[in-house]
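Spelled out from the first residue to the last, the chains are:
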Amino acid sequence: MSFVLVRGGGPIASGVALRLHQAGYSVVISEKPRPLTTRRRVSFAEAVYSGEIRVEGCMGCRVDDPSDTESIEQVIAEEMIPILVDPNGEAITLLRPKVVIEGRMPPTPPAHLPESIQLLIGLGPGFVAGENCDAVIETGRGNPKWRVIWDGAAKFDTSDLETVGGRTDVRILRAPVDGTVETYAEIGDLMVAGQSILQIHGHFVSAPIDGILCGIVHPGLTVKRDTKVAEIDPRNDPRLCDQIPDQAIAAAGGVLEAISRKFGKFR
């Protein structure tokens, strides 16, 4: 079986994995033991905590041992995506995927790749095609959007500065100090300005504006100061909490273009 391995299960990487799965590819996701993603209802990384997660109708199922190829292939046979707990990146060597997609933030290109990997794709800044990967998918919000770069680097990441509902930087909430997160709200809750969302080591983080809480890190995580811990969407539409971001869908188009240009199509 020829795998596509997606490293990282955040919302952008999850959107790419979902579209590849829908296109008929055998997709495997690898993640850290304690993912820090906030948009957890559209992130396959959440399966690390819950055992499974449904993202836009597709199930992701945790597999604890990246060497358990029998379980991985069984999950794929049941038309689900295996989510590997793989802190050391063992899946690259063990599964010998044909394509690896680096979707982790901050980007960490693998140091050594087995010969079986014929295409390494980096999502966003930190990757340079021809140096630490074969192709880069542009993830900046300017023009041109989400193009495939075969020579050079993506531009600086401005994803946290996206304007939604007329609001920009105040939507993104960051840890004021190092410490363990204690949450007081859940994704989908309607927040009002000033309402407490979480606290870290006695420091409370409150909603800066009215809106839907569309993202919050898993409770109990220990985070560093300035880590993104929550996200508010002022459009007050709970359905948006369960929809893969448009940016992820566009990025998936770039990945499919890169794979098609390299191979045609494979299974």
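Worth saying up front: this structure is predicted, and the values here are computed from it rather than measured. Here the residue numbering is sequential within each chain, running from 1 through the sequence in written order. The predicted origin of the model limits local features to residues at a pLDDT of at least 70 and limits the giving and counting of side-chain atom pairs to 80 or more, whereas totals for whole chains, interfaces and linings rest on all residues. To obtain the side-chain values, all non-hydrogen atoms of the structure were used and water was disregarded.

J.: An account of the sheet that holds strand β14 (residues 190-191) is needed here, citing residue identities and associated values.
T.: One open sheet accounts for four strands, arranged β12-β19-β17-β14; its pairing is antiparallel. Both edges of this open sheet fall to β12 (172-174) and β14, since each of them pairs with a single strand only. As defined by bridge partners, β14 adjoins strand β17 (residues 211-216) across two bridges and the pair is classed as antiparallel. Across the sheet, the residue bridging to L190 is I212, located in β17. Between any two strands, pairing holds if DSSP finds at least two bridges. Runs of E in the DSSP output that reach at least two residues are strands. Runs of H or I that reach at least four are helices, and both are numbered from the N terminus.

J.: So what about helix α1 (residues 11-22)? Which residues, and what values?
T.: One fewer than the residue count of a helix, multiplied by 1.5 Å, yields its expected span. Taking 1.5 Å of rise per residue, the twelve residues of α1 would be expected to cover 16 Å, and the 16 Å separating its terminal C-alpha atoms lies within 8% of that figure. With respect to burial, α1 is a largely interior element, nine of its twelve residues being buried. Type-normalised accessible area, obtained with a 1.4 Å probe on protein chains alone, sets the label of each residue: buried when under 20%, exposed when over 50%, and partly exposed for intermediate values. Looking at α1, one finds that the buried residues are P11, A13, S14, G15, V16, A17, L18, R19 and L20. Following α1 by one or two positions, G24 adopts a phi angle in the positive range, close to 100°.

J.: Describe the nonpolar core, listing the residues and the values that go with them.
T.: Soluble globular proteins: nonpolar side chains tend toward being buried together. Ranked by size, the top nonpolar core spans 36 residues in total, and within it L20, F44, I101, I121 and V255 carry the most contacts. The element best represented in this core is helix α5 (residues 246-263), accounting for six residues. Any pair of residues with heavy atoms lying within 4.5 Å of one another is described as a contacting pair. The contact partners of V255, leaving out residues within four places of it in the chain, are V16, L20, I101, I121, L123 and I137. Here the nonpolar core consists of buried residues drawn from Ala, Val, Leu, Ile, Met, Phe, Trp, Tyr and Cys, with membership extended through side-chain atoms lying within 4.5 Å. Counting 24 residues, the second-largest nonpolar core is a separate cluster that includes L213, C214, V217 and L221.

J.: I'd like to hear about the sheet that holds strand β16 (residues 203-206), residue by residue, with values.
T.: Within the open sheet, the four strands sit side by side as β16-β15-β13-β18. Their pairing is antiparallel. Here the strands that pair on one side only, and so sit at the sheet edges, are β16 and β18 (222-223). The pairing of strand β15 (residues 196-200) with β16 spans four bridges and is antiparallel. Within the sheet, the bridge partner assigned to Q199 lies in β16 and is F204.

J.: Kindly report on the environment of L119, identifying the contributing residues and their values.
T.: When you line up the elements, L119 lands in strand β7 (residues 119-123). Separated by 144 residues in sequence, L119 and F263 have C-alpha atoms that sit 9.3 Å apart. Excluding residues that lie within four positions of it along the chain, L119 makes contacts with K98, V99, V100, D134, W150, A258, I259, K262 and F263.

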